[in-house]
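Coordinate analysis (summary)
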Amino acid sequence: MDDAFAFIGNAFGEFIRFIVDGLAGFFANIGGAARSFMQGLSESLGIPPTLISLVVLVIGLWLLWKGVAALMRQAIVATLIWWLLGVTVLSWLIN
């Protein structure tokens, strides 16, 4: 009877160890993946890989998205204004 519970305890412990090792490996590699993503993004756009550049890129894309939302509401003038602002911000950033 003790062997059965020892086996169950051992199997449960190995399962927990497998989960913890997998999560540790995932979180250890996520930093490298994010770094590689930012490097590839910055190289393709011709921008420096800094936090400021990323924030400006997000703001420019958000302005373009606001233009799409205005277009869905059939607000043509607002669409043109949002797109002009978005393209202006992105043109400052992208060389």
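See the structure above.
Summary of the structure given here. (Residues numbered from 1 in each chain as written. Predicted model: local features only at pLDDT ≥ 70, side-chain atom pairs only at ≥ 80, totals over all residues. Heavy atoms only, no water.)

1. Thoughts on the overall build of the chain
Scanning the chain from N- to C-terminus turns up three helices and zero strands. Helices and strands in the chain line up, N terminus first, as α-α-α. Its C-alpha atoms give the chain principal-axis dimensions of about 80 × 35 × 15 Å. Going through the 95 residues of the chain one by one, you find that 14% of them count as buried. (Helix = DSSP H or I, 4+ residues; strand = E, 2+ residues; numbered from the N terminus. Buried < 20%, exposed > 50% of the residue type's maximum accessible area, 1.4 Å probe, protein only.)

2. Quick notes on helix α3 (residues 76–93)
Residue pairs three or four apart in sequence face the same way in an α-helix, which turns once every 3.6 residues. With 18 residues, α3 extends 26 Å between its outermost C-alpha atoms, agreeing within 8% with the 26 Å of an ideal straight helix rising 1.5 Å per residue. Where the residues of α3 are buried, they touch α2 (51–72). (Expected span 1.5 Å × (residues − 1). Contact = heavy atoms within 4.5 Å.)

3. Some thoughts on the environment of Gly31
For Gly31, the location among the structural elements is in helix α1 (residues 2–45). Note on Gly31: relative accessible area 34%, which makes it partly exposed. It is 30 Å that separates the C-alpha atoms of Gly31 and Gly86, two residues lying 55 residues apart in sequence.

4. Overview of the packing of α2 against α3
The contact between α2 and α3 brings their axes to 8 Å, and the two run at 165 degrees. As the angle between them shows, α2 and α3 are arranged roughly antiparallel. The two elements α2 and α3 meet at a crossing, and its hand is left-handed. Between α2, through Ser53, Val56, Leu57, Gly60, Leu61, Leu63, Leu64, Lys66, Gly67, Val68, Ala70 and Leu71, and α3, the contact on the second element is made entirely by Ile76, Ala78, Thr79, Trp82, Trp83, Leu85, Gly86, Val87, Val89, Leu90 and Leu93. (Axes fitted to C-alpha atoms, helices over the stretch in contact; angles between N-to-C directions. Parallel < 35°, antiparallel > 145°, perpendicular 65-115°, else oblique. Left-handed = near helix turned anticlockwise from the far one by under 90°.)

5. Some thoughts on α2
Over its 22 residues, α2 runs 31 Å from end to end, which matches the ideal 32 Å to within 8%, given 1.5 Å per residue. Among all positions of α2, only Ser53, Leu57, Gly60, Leu63, Gly67 and Ala70 are buried. One side of α2 carries all its buried residues, which in axial view fall inside an arc of 145 degrees. Facing away from the buried side of α2, by more than 90 degrees, are the exposed residues Leu51, Trp65 and Met72. (Arc of directions from axis to C-beta.)

6. Things to note about unusual backbone geometry
Unusually for a residue other than glycine, Gln74 sits at a positive phi of about 60 degrees. In this fold, Gln74 is placed in the loop between α2 and α3.

7. A closer look at a nonpolar patch on the surface
There is a patch of nonpolar side chains on the surface, built from Phe12, Phe15, Ile16, Phe18, Ile19, Val20, Leu23, Phe26, Phe27 and Ile30 and spanning about 1,000 Å² of accessible area. Tracing the backbone through its elements, the reader meets Phe18 in helix α1. Using a relative accessible area of 61% as the deciding quantity, one classes Phe18 as exposed. (Patch = residues over 30% accessible without salt bridge, like charges linked within 9 Å, V, L, I, M, F, W, Y side chains within 5 Å. Areas by Shrake-Rupley, 256 points an atom, 1.4 Å probe, with all protein chains shown as cover. Salt bridge = Lys/Arg side-chain N within 4 Å of Asp/Glu carboxyl O.)

All we've got here are geometric facts, nothing functional implied.
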